[in-house]
Amino acid sequence: MGKNLKEAMKMLEDSQRRTEEENGKKLISGDIPGPLQGRYENGCAYFHEEEREGLAKICRLAIHSRYEDFVVDGFNVLYNKKPVIYLSAAARPGLGQYLCNQLGLPFPCLCRVPCNTMFGSQHQMDVAFLEKMIKDDIERGRLPLLLVANAGTAAVGHTDKIGRLKELCEQYGIWLHVEGVNLATLALGYVSSSVLAATKCDSMTMTPGPWLGLPAVPAVTLYKHDDPALTLVAGLTSNKPADKLRALPLWLSLQYLGLDGIVERIKHACQLSQRLQESLKKVNYIKILVEDELSSPVVVFRFFQELPDSDPVFKAVPVPTMTPSAVGRERHSCDALNRWLGEQLKQLVPASGLTVMDLEAEGTCVRFSPLMTAAVLGTRGEDVDQLVACIESKLPVLSSTLQLREEFKQEVEATAGLLYVDDPNWPGIGVVRYEHANDDKSSLKSDPEGEKIHAGLLKKLNELESDLTFKIGPEYKSMKSCLYVGMASEDMDVAELVETIAATAREIEENSRLLENMTEVVRKGIQEAQVELQKANEERLLEEGVLRQIPVVGSVLNWFSPVQALQKGRTFNLTAGSLESTEPIYVYKAQGAGVTPPPTPSGSRTKQRLPGQKPFKRSLRGSDALSETSSASHIEDLEKVERLSGGLEQITLEASSTEGHPGAPSPQHASQSEAFQKGAPHPEDDHPQVEGAESLR
């Protein structure tokens, strides 16, 4: 390894020496070797660790080039004619703030250029509006300095119209800098015209590390400038050997991969994007946000389904009758479903490298960018196929959940004791809160009694082992506890679900009240028993007399004349809530039966389910609610047994009712009836139904 490093250093020094001898300049210049050779001619390279550092140095170079007295007068020159740096609204977040901090410029020096709103991509810079802004800045005495264009935006990978932007920059003397992931396609044989126009720009920043899956590889900023003094002042060139070594990891990696290896990795990533894009075109309810279907290495998609009262943003025909609050609610609901879909896909197919992002116009989307992840994660074509299969498997749940939300809301609002909570950020079918008797509806603070009821409700619902997922948490914009119901399938019985929630919560509340009342009754009974026992002790002292209380005299007196005193105590009847004497227990040697306690209040609806059917499922034969072992013949047999058993019970009741009648049958008939009940054949008549019942049993 040491020998290879020495050879590499020697080659770098020889190349530097030859360059200095030919041009008389102390900088690394010439054509860029590798895949970009012949496309970005007469360019220089600056290697840096921070991706944004190269752009900051380019801004310094542009300032020194446009302000000749900046080296002498400093920022006093900028005061009379403020520089303006133009950034796209689709630029990566924090870029403008980073440039101002590095350059020491105020934030008014940044100009945010909006994207297209009527024609073209909504993630491309509006060229006409940019030209208008440049003219306005010139009229105000400002100096248009630099424009940052995107060859693949950070969000969706769209490319600005770099050709038109280059013409505009040449017209007004503006430095054009390009960055983006689509610059990697310059290494391929076919390059789109919009990306190929980036080779005519003044500078560009490339990140070969993520593209090729190379760790600890610096980023590269290519630029064109003829004045070595200004590049040295701007920090783009250096005479220090340590700065020259920055290119060593990248050079070694490129030598290891070779030209064919570099092109193969970039080509493989683009093929993965095209494969996913072609597959998603055949999937319903999936909307793809792709600018160029032939060469875009980034695929952005989202779940999309039109409903009768859906958001006008997501429909082809606007619905002017919807209120802004309804529009925002529908938008947040779709965003929550897409966020859930993205998280599920990331867990199921981790090699895909998906990311969930929020776009200003479209909302929450899922992004697949293999150029940034495939080389590191080892993404293959099989992973893309698995990703498409997972998307298709999740679509029925998403569609049914979106359709059942309104039904769930109506059922909750029609059920007493339940309150529907509008939480647009929850991806399930809805959020519900049980209002107990002591619930303060006007308060937004946490309710301990409500939290206890909802915790018990969550435990009861999870014990049912249904396909639904439940969780409890604070209410949206409040601190009160609520029940969150997860995603649902199309065979979900919403009415049964809501009724079960209401009945279970009501039962928990009543049981809690019964326990509290019982605690209070027991406490009062203990106090009353203590008072009565104290009175009984005083009465016993009065009956026995004072002499029997003296130690020696009392013993002699009790020996001659023993006292026949009954043991008196107190027993507490929990059912009646009364205090009773224990005298009957000692007299009759038996404890009274007391009063039969009332049944525990229960309001849950007991619905007869078929074998294998899970809770909250509609009773549909042949549906997925039945298990694989259940069949139609088994169901018919069970129904026949129920009918026959009902007939047997009716015959038994008739036979038992005739025993006490004056015209009751003889014992022979009674024995025959008894034999009939046991399943024995009748001596006179034949009963095929009984035989069928016995065979089924």
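Residues numbered from 1 in each chain as written. Predicted model: local features only at pLDDT ≥ 70, side-chain atom pairs only at ≥ 80, totals over all residues. Heavy atoms only, no water.

1. Quick notes on the confidence of the model for the protein
The following threshold applies: As a per-residue measure, pLDDT reflects the predictor's confidence and takes values from 0 up to 100. Contacts were defined at the residue level, with two residues in contact if any of their heavy atoms lie within 4.5 Å.
Averaged over every residue, the pLDDT of the protein is 77; residues scoring 70 or more account for 70%. Low pLDDT, under 50, characterises residues 621-635; the stretch is placed with 21 contacts to residues that sit more than four places away or in other chains. For the stretch residues 648-697, pLDDT sits under 50, and the model shows 25 contacts to residues farther than four places along the chain or on other chains.

2. Looking at the sheet that holds strand β8 (residues 286-288)
We count it as follows: DSSP-based pairing: two strands are paired if at least 2 bridges between them are found. For helices the rule is a DSSP run of H or I covering at least 4 residues; for strands it is a run of E covering at least 2, with both sets numbered from the N terminus onward. Between N-to-C directions, angles span 0 to 180 degrees; the directions come from axes that are lines fitted to C-alpha atoms, helices contributing only their stretch in contact.
Read from one edge to the other, the open sheet built from 4 strands follows the order β8-β9-β11-β10, with strand pairing classed as antiparallel. At either margin of the open sheet sits one strand with a lone partner, and together these are β8 and β10 (355-359). Averaged over all pairs of adjacent strands, the angle between strand axes in this sheet comes to 35°, irrespective of strand direction. Bridge count for β10 against strand β11 (residues 363-368) is 5 bridges, and the pairing is antiparallel. Bridging from a neighbouring strand, Val-356 pairs with Val-366 of β11. On top of the sheet, helix α12 (residues 248-280) reaches β8, β9 (299-303) and β11; it is set at about 30° to β9, its chief contact.

3. Remarks on helix α5 (residues 95-103)
Quick note on the threshold: To sort residues, take the accessible area from a 1.4 Å probe on protein chains only and compare it with the maximum for the residue type: under 20% means buried, over 50% means exposed, and anything in between is partly exposed.
Among the residues making up α5, those that are buried are Leu-95, Gly-96, Tyr-98, Leu-99, Cys-100 and Leu-103. Of the surrounding secondary structure, the elements contacted by the buried residues of α5 are α2 (53-66), β2 (83-88), β3 (110-113), β4 (143-150) and β5 (175-179).

4. Some points on the sheet that holds β3
Two orientations exist for strands paired in a sheet by backbone hydrogen bonds: parallel and antiparallel. Across the sheet, which stays open at both edges, the 7 strands sit in the order β1-β7-β6-β5-β4-β2-β3 with mixed pairing between neighbours. Single-partner strands in this sheet number two, and they are β1 (44-48) and β3. Each neighbouring strand pair of the sheet contributes to a mean axis angle of 20°, computed without reference to strand direction. In this sheet, β5 lies alongside β4 in parallel orientation, the contact comprising 5 bridges. Across the sheet, residue Leu-147 finds its bridge partner in β5, namely Leu-176. Running at roughly 155° to β4, α2 makes contact with β1, β2, β4, β5, β6 (203-206) and β7 (219-223) of the sheet.

5. Things to note about the environment of Pro-210
Mapped onto the secondary structure, Pro-210 falls in helix α9 (residues 208-212). Residues Pro-210 and Val-181, spaced 29 residues apart in sequence, show a C-alpha to C-alpha distance of 9.6 Å. Apart from the residues lying within four places of it in its own chain, the contact partners of Pro-210 are Leu-371, Met-372 and Ala-375.

6. Focus: the packing of α2 against α5
Rules: Our angle categories are set so that under 35 degrees counts as roughly parallel, over 145 as roughly antiparallel, 65 to 115 as roughly perpendicular, and the remainder as oblique. Crossing handedness is read from the near helix: turned anticlockwise from the far helix by less than a right angle, it gives a left-handed crossing, and turned clockwise, a right-handed one. Residue polarity follows a fixed list, in which Ala, Val, Leu, Ile, Met, Phe, Trp, Tyr, Cys and Pro are nonpolar, Asp, Glu, Lys and Arg are charged, and the others, Gly among them, are polar.
In the contact formed by α2 and α5, the axes pass within 10 Å of each other and the chain directions differ by 55°. If you check the angle between α2 and α5, you find them oblique. Considering the relative orientation of α2 and α5, their crossing is right-handed. Every residue of α5 that contacts α2 at Glu-53, Leu-55, Ala-56, Cys-59 and Arg-60 is listed here: Leu-95, Tyr-98, Leu-99, Gln-102 and Leu-103. Taken together, the residues of the contact of α2 with α5 break down into 7 nonpolar, 1 polar and 2 charged.

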